[in-house]
Amino acid sequence: MTTSSTAVDQTAGPAAAGARGGKLRRSSSTSTIDSKRQWWGWIFTTPFTIVFVLFLIVPLSYAFWMSLHNKGIATGGESVFVGIDNYVRAFTDPIFLDGLLLVARFVAVMVPIQIGVALLCALVLDTLATQLSKASRLLIFVPYAVPAVIGALMWGFLYSPRFGPAQDLFGLFGLAAPDFLSSSMIFTSLVNIVTWQWVGYYMIIIYAALRTIDPSVYEAARIDGANGAQIALRIKVPMVSSSMVMVVIFSLIGTLQFFTEPTVLRSVAQGAIPPDYTPNMYAYSLAFSYSQFNYASTIAFALGIFVFIGSYLFLYLTRKQSGLKS
């Protein structure tokens, strides 16, 4: 019995050794291929990495360095390290704090309107399967394709009491057109501009998420007696909650960094928009009107702190809907 077993082992030995050798060769070959793929991956990402470092990391690092220093007449024109003194000044600056309260108002009003309109449009378009649906998606998305500066200039013309069509339209009903660029109306006018500009972008994201849902889910709901409204509210909306969270984050960050639209409308709003209307405008004014580059950098980073805190809190509160927590 021992002799037979030994003979079998001797016979199988070369075959087993060959198999092990083949596995080693295949493993070595696979490792070589993976290594080449990694190198090619690094080669393809190198241009982006260079641009990212040169035009984002380096400027941000320099701006942060400036926020920790002061330079002016009091320092003899020399850059002096002051640590967090500029940040203490920023967080006690009433102009900066008033600007934060204003953008908080914009967040409270504009974000729900943007997301609500985008969601409604996406739900309606998801139920259509005609050429009208394609045309409607394009028409709703087109405002996002218009540069923000051009859009703000266009709306500035439409709002103008002298050149805009509002006076004629209201005159048809015997009414006087409101001054959309006055101090009492400028908030509403800006909300309208930004909503018009961004709803199409958010709608496309939500619509794309809706198209990934298996239609059989809807069929099962209809068999159970669900109507269109119930399918939309109890099936579609919960199943795209992660996309909704992402859209809200985009809207939140964009609103907190409000700059382009009020800056463009300043020239036609007749004093309704001061140079420190929002924190970003305040930082811009400090830097390019008063040459306070160090404090302007501090204001920019202080705003970034608030943006980070707001985004983090929202993601934490919606971690189940966003898929960050099971």
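Residues numbered from 1 in each chain as written. Predicted model: local features only at pLDDT ≥ 70, side-chain atom pairs only at ≥ 80, totals over all residues. Heavy atoms only, no water.

Draft legend 1. Main features of the overall build of the chain. A count of helices and strands for the chain gives 14 helices and 2 strands. Split into buried and exposed, the 326 residues of the chain put 34% on the buried side. Long-range pairs, those at least 24 residues apart, make up 68% of the contacts in the chain with a sequence separation of at least 6. Of the accessible surface of the chain, which amounts to about 20000 Å², a share of 68% is contributed by carbon and sulfur atoms. (Helix = DSSP H or I, 4+ residues; strand = E, 2+ residues; numbered from the N terminus. Buried < 20%, exposed > 50% of the residue type's maximum accessible area, 1.4 Å probe, protein only. Contact = heavy atoms within 4.5 Å. Areas by Shrake-Rupley, 256 points an atom, 1.4 Å probe, with all protein chains shown as cover.)

Draft legend 2. Here's a closer look at the packing of aromatic side chains. Under the counting rule described, the total for this entry stands at 25 aromatic pairs. Each ring, one from Y62 and one from W65, has its centre 6.0 Å from the other, and the planes form 15°; the classification is stacked. In this pair, Y62 and W65 are both assigned in helix α1 (residues 2-67), 3 residues apart and thus about one turn of the helix distant. Geometrically, the ring pair formed by F308 and Y312 is stacked, given 6.3 Å between the ring centres and 20° between the ring planes. Of this pair, F308 and Y312 both sit in helix α13 (residues 293-317), 4 residues apart, roughly one helical turn. This pair shows no difference in class: F308 is exposed, exactly as Y312 is. Clustering of aromatic rings is evident, with ring pairs tying together F141, Y144, W198, Y201, Y202 and F250. Cation over ring: R89 sits above Y295, and NZ or CZ is 3.6 Å from the ring centre. Against the face of Y218 rests K236, its NZ or CZ located 5.0 Å from the ring centre. (Phe/Tyr/Trp six-rings, centres within 6.5 Å; stacked < 30°, edge-to-face > 60°. Lys NZ or Arg CZ within 6 Å of the ring centre and 35° of its normal.)

Draft legend 3. Broad picture of the packing of helix α8 (residues 215-223) against helix α9 (residues 228-239). One can describe the packing of α8 onto α9 by two numbers: an axis separation of 11 Å at closest approach and a directional angle of 155°. Relative to α9, the element α8 lies roughly antiparallel. Every pair of crossing elements has a handedness; the one defined by α8 and α9 is right-handed. Where α8 approaches α9, its residues V217, Y218, A221 and R222 are matched on the opposing element by I231, I235, K236 and M239. Class assignment for the residues of the contact of α8 with α9 results in 6 nonpolar, no polar and 2 charged. (Axes fitted to C-alpha atoms, helices over the stretch in contact; angles between N-to-C directions. Parallel < 35°, antiparallel > 145°, perpendicular 65-115°, else oblique. Left-handed = near helix turned anticlockwise from the far one by under 90°. Nonpolar A, V, L, I, M, F, W, Y, C, P; charged D, E, K, R; others polar.)

Draft legend 4. Local environment of the nonpolar core. F106, I186, I206, Y277 and I299 are the most contacted members of the largest nonpolar core, which has 65 residues in total. For this core, the secondary-structure elements that each account for two or more residues are α3 (94-126), α5 (148-159), α7 (186-210), α8, α9, α10 (241-256), α12 (279-288) and α13. Tallying contributions element by element places α3 first for this core, with 15 residues. In contact with F106, other than residues within four places in its own chain, are V111, F187, L190, V191, T255, F258 and Y277. (Core = buried A, V, L, I, M, F, W, Y, C linked by side-chain atoms within 4.5 Å.)

Draft legend 5. Here's a closer look at the side chain of Q197. The topology assignment puts Q197 in helix α7. Judged by relative accessible area, which is 3%, Q197 ranks as buried. Once you skip the residues sitting within four places of it in the chain, Q197 turns out to touch P143, Y144, V146, P147, A148 and G151.

Draft legend 6. Region of interest: the packing of α10 against α13. At a closest axis distance of 10 Å, the pairing of α10 and α13 adopts a crossing angle of 160°. As far as their axial angle goes, α13 and α10 are roughly antiparallel. Judged by the sense of rotation from one axis to the other, the crossing of α10 with α13 is right-handed. Between α10 and α13, the residues in contact are V245, V248, I249, L252, I253 and L256 and L303, F306, V307, G310, S311, F314 and L315, respectively. Split by residue class, the contact of α10 with α13 holds 11 nonpolar, 2 polar and no charged.

Draft legend 7. Broad picture of the pattern of salt bridges. Applying the stated rule across the entire model yields 3 salt bridges. Between R211 and D126 there is a salt bridge, with the nearest N and O atoms lying 3.0 Å from each other. Remark: D126 occurs in helix α3 and R211 occurs in the loop between α7 and α8; sequence separation between them is 85 residues. Exposure remark for D126: the relative accessible area of 9% places this residue in the buried category. Close ionic contact of K236 with D126 constitutes a salt bridge, the shortest N to O distance being 2.9 Å. (Salt bridge = Lys/Arg side-chain N within 4 Å of Asp/Glu carboxyl O.)

Draft legend 8. Structural view of the confidence of the model for the chain. Averaged over every residue, the pLDDT of the chain is 84; residues scoring 70 or more account for 86%. Low pLDDT, under 50, characterises residues 1-12; the predicted model gives this stretch 0 contacts beyond four residues in sequence or across chains. (pLDDT = per-residue confidence, 0-100.)

Draft legend 9. Quick look at a nonpolar patch on the surface. Together, F48, I50, V51, F52, V53, L54, F55, L56, I57, V58 and L60 line one region of the surface with nonpolar side chains, adding up to about 1000 Å² of accessible area. Position of I50 among the secondary structure elements: in helix α1. In this structure I50 comes out as partly exposed when scored by relative accessible area, which is 46%. (Patch = residues over 30% accessible without salt bridge, like charges linked within 9 Å, V, L, I, M, F, W, Y side chains within 5 Å.)

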